[in-house]
Every structure is written in C-alpha cells, then in structure tokens.
Amino acid sequence: MFLLIPMMVPLGLWEDFLGMLNAMMTPLYWAVSGILVGFHSLLSNFMNPDSGWTWTLSIVLLTMVIRTALIPLFVRQINSARNMQLIQPKVKELNDKYGHDRERLGRETMQLYKDEGVNPMASCLPLLLQMPIFLALFYVLNSVSGGHALGYFFEGEANAHLVTSLQNATIFGAPISSRFLPLAAGFGPTQVVALTLIVLMTGVLFITQLQLMRKNMPPEALTGPMAQQQKTMLYMFPVIYAIGGVSIPIGVLIYWLTTNLWTMGQQYILIHNNPAPGTPAYVDWEERMRAKGLDPDAIAAKRRGSKKRSETGGADPTKVARQGTTASGSPATTEPDAETPTVQ
C-alpha cells in the first residue's frame, strides 16, 4: 500500500501540502512568539530575564490570554452541550422508534437537531480551535529546545539571546525546553518535574469531567449508550494525556496544566451559578436562591428571555427531584413524568 503513495501523490504534492500547512501556521507562530516574548519583556523589568520562573509565568499569562479570547466560544460550547442533554429523551424516543432502520434514524435525528437548533459539533469547536495554538506553542518550544528559532519574535540576531535564555531556563533544576523522554541521563529533575505536571494535568482533567457528569447532567443522560461512551471517555482521555505527555516539552505541559485549571474553574463557576435545568446542580442552585429570598423560577425565566411560566400549568420541566422525592419535595411516586424537558 505504501509503495503506491508516490504514484498516488505525484510531483511532491505531499511536500506541497506540508508547506501549505506550515504557511497557515506561520501567523500563529508569530502570535505565540509575540505574546510570549511580550510578557517576558514585561516581567523582566522586575524578574531575572533568564529565570525559568519568568518564562513559566509568561507561558501562564499567554494561556490566560488565549482562554480569555475563547470565552465566547466556551459559552456556545456549554449551551450546545446543555441543549444536547435536554433533548436526550427525544433522541431515545427516536432510537426506540427507528432503531431497526439506521438510515431513517439518522434522518430523523438530524431533523430533530435542526428543529431544536442544536449543533452536536459546537461542543468540540473550542477544543479544535485550541489545537493549532497548542501545536504552535509546541513547535516554538520544541524548536527552541534544539537551539532553532521559530516565530518572528524569536528569529534574527537581535532575538538570539531570547532563544538561548528560553533554551537554558530551568524550574526546580529542569529545563522547561526538555521533556520526560528520553532517559539519556537517567531519572533526574527533568523527569520529576515532567511527571508531576503530567499527573496534575491528567488529574485536573479527570476531576473536571467527573464534576460535569455528576453535577450538571440530567439523570436520563446518565443511562444508555451515550452515557456509557461518556464514562469510557472519562477514563480514556486522562490516559491519552498521560501517554502523550512524556514526549511533550515541560513548557507545553505548563500551558496544558494551566488551560486545564482554567477549564475546571470556568466550569465550576458556570455549574454553580447557571446550571443546566433538570440536573442535581440545578436543585442546589434553586435552594440557594430561595435561601436568599429570591425566586429561582423568575430568574430562570429572565435568563431565557421569556415570562415566568404559570405555576398552575403543571410541573416545571426544568426541575429535577432528589432521590426519593419529586421536584416539589413530596414523596416520589412510581408514575413516570409525562412531560419532556424542553430546550431553553
């Protein structure tokens, strides 16, 4: 098969494709190097320019700039994920009705997404947009670790000292341009720092995903094939991160840990203050609002941009019952709720 590649891709089209990708990444190299060098220059006014902590703090501030710019996309991601959760009962109905006809099921599911204004891919958008930035930072630090400048603000004789400074900068005795593997000099400070960052990075990711599943997902979303897939991903992603982390420069691991911490904090704030309807976090939020003398239904209606629904119209579909009780606090009955939660 591989012998056919030169015949299938003649005239160096593969090299041209790689060259095109490099040309597309060049502006990101410039941006990453510019922000990184800019923060380093600012911090150098009161910190040692060659200190690893100066470069580490520069990477952290770079991460914060990137994540701040992605906040609008994060909001769209959360809204899309929330809407996907809320229409799961309808998706299950379609599976039960058209499970024997995969083609019909696919059409009906896509029509449901269209009718409800849900885009399944929207929740992946922030991650996809971060990947080029992550790769740009990886290649910039990877090139610097070998003494080769990449990015406009690291290139040229005038910036050669920055390359040398970043290449030799250390934290806890480990160069931030180095990585866990290979173990050419044995197990030393580099491996200790890298391993610590990998453990912290994967641990934060696991806690973030677990927090989302336990607090901000409705009970019906925790059953069925999709729930099983989410539980698999809960353990699979940290393992993938850990395996990939041993080949990533410490500077990139710092970026990765920082962005994971940002995600965990951002998600906690969202779940605490604006949880998805029909989830345990929503019950907790309602109780906090009532304890403050506020009407949670009125607040929820205001956020939806609609009038508060009449209290005589039946049970509020945004409510979820604690174990053994109904949404109103009375003992639970065995009769199923006939009202399907609606997308807000």
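Computed from a prediction, not measured in an experiment: that's the story for all the values here. (Residues numbered from 1 in each chain as written. Predicted model: local features only at pLDDT ≥ 70, side-chain atom pairs only at ≥ 80, totals over all residues. Heavy atoms only, no water.)

Q: What is the right way to read a nonpolar patch on the surface from this model?
A: There is a patch of nonpolar side chains on the surface, built from Leu181, Leu183, Phe187, Val192, Leu195 and Val199 and spanning about 520 Å² of accessible area. Judged by its relative accessible area of 56%, Phe187 falls in the exposed class. (Patch = residues over 30% accessible without salt bridge, like charges linked within 9 Å, V, L, I, M, F, W, Y side chains within 5 Å. Areas by Shrake-Rupley, 256 points an atom, 1.4 Å probe, with all protein chains shown as cover. Salt bridge = Lys/Arg side-chain N within 4 Å of Asp/Glu carboxyl O. Buried < 20%, exposed > 50% of the residue type's maximum accessible area, 1.4 Å probe, protein only.)

Q: So what exactly am I meant to see when it comes to the nonpolar core here?
A: The tendency in soluble globular proteins is for nonpolar side chains to be buried side by side. Formed by 45 residues in total, the largest nonpolar core has its most connected members in Trp55, Phe154, Ile176, Ile250 and Leu253. Taken together, the elements giving at least two residues each to this core come down to α2 (13-43), α3 (52-69), α7 (125-145), α8 (160-168), α9 (189-215) and α11 (250-273). Considering each element in turn, this core owes the most residues, eight residues, to α7. In terms of nonpolar packing, the next biggest core, distinct from the first, is built from nine residues, Leu105, Leu112, Tyr113 and Val118 among them. (Core = buried A, V, L, I, M, F, W, Y, C linked by side-chain atoms within 4.5 Å. Helix = DSSP H or I, 4+ residues; strand = E, 2+ residues; numbered from the N terminus.)

Q: What's the story with the pattern of salt bridges in this structure? I'm lost.
A: Think of it this way: side chains of opposite charge can pair up when their charged atoms draw near. Taken as a whole, this structure holds three salt bridges when the rule is applied. Across the pair Asp284 and Lys215 runs a salt bridge whose closest N-O atoms are separated by 2.7 Å. Here the residue Asp284 occupies a position in helix α12 (residues 280-291), and Lys215 occupies one in helix α9, the gap between them amounting to 69 residues.

Q: Help me understand the side chain of Gln209 in this model?
A: Within the element layout of this structure, Gln209 appears in helix α9. Those residues in contact with Gln209 that sit more than four places away from it in its chain are Met233, Leu234, Phe237 and Pro238. (Contact = heavy atoms within 4.5 Å.)

Q: I would appreciate a short explanation of the packing of helix α5 (residues 88-98) against helix α6 (residues 102-116) in the present structure.
A: When two helices pack together, their arrangement is given by the angle between the helix axes and the distance between those axes. With their axes 9 Å apart at the nearest point, α5 and α6 run at an angle of 160° to one another. When the axes of α5 and α6 are compared, the pair comes out roughly antiparallel. Here the hand of the crossing between α5 and α6 comes out right-handed. In contact with Lys90, Val91, Leu94, Asn95 and Tyr98 of α5, α6 contributes Arg102, Arg104, Leu105, Glu108, Thr109, Leu112 and Glu116. Here the residues of the contact of α5 with α6 are counted per class, giving five nonpolar, two polar and five charged. (Axes fitted to C-alpha atoms, helices over the stretch in contact; angles between N-to-C directions. Parallel < 35°, antiparallel > 145°, perpendicular 65-115°, else oblique. Left-handed = near helix turned anticlockwise from the far one by under 90°. Nonpolar A, V, L, I, M, F, W, Y, C, P; charged D, E, K, R; others polar.)

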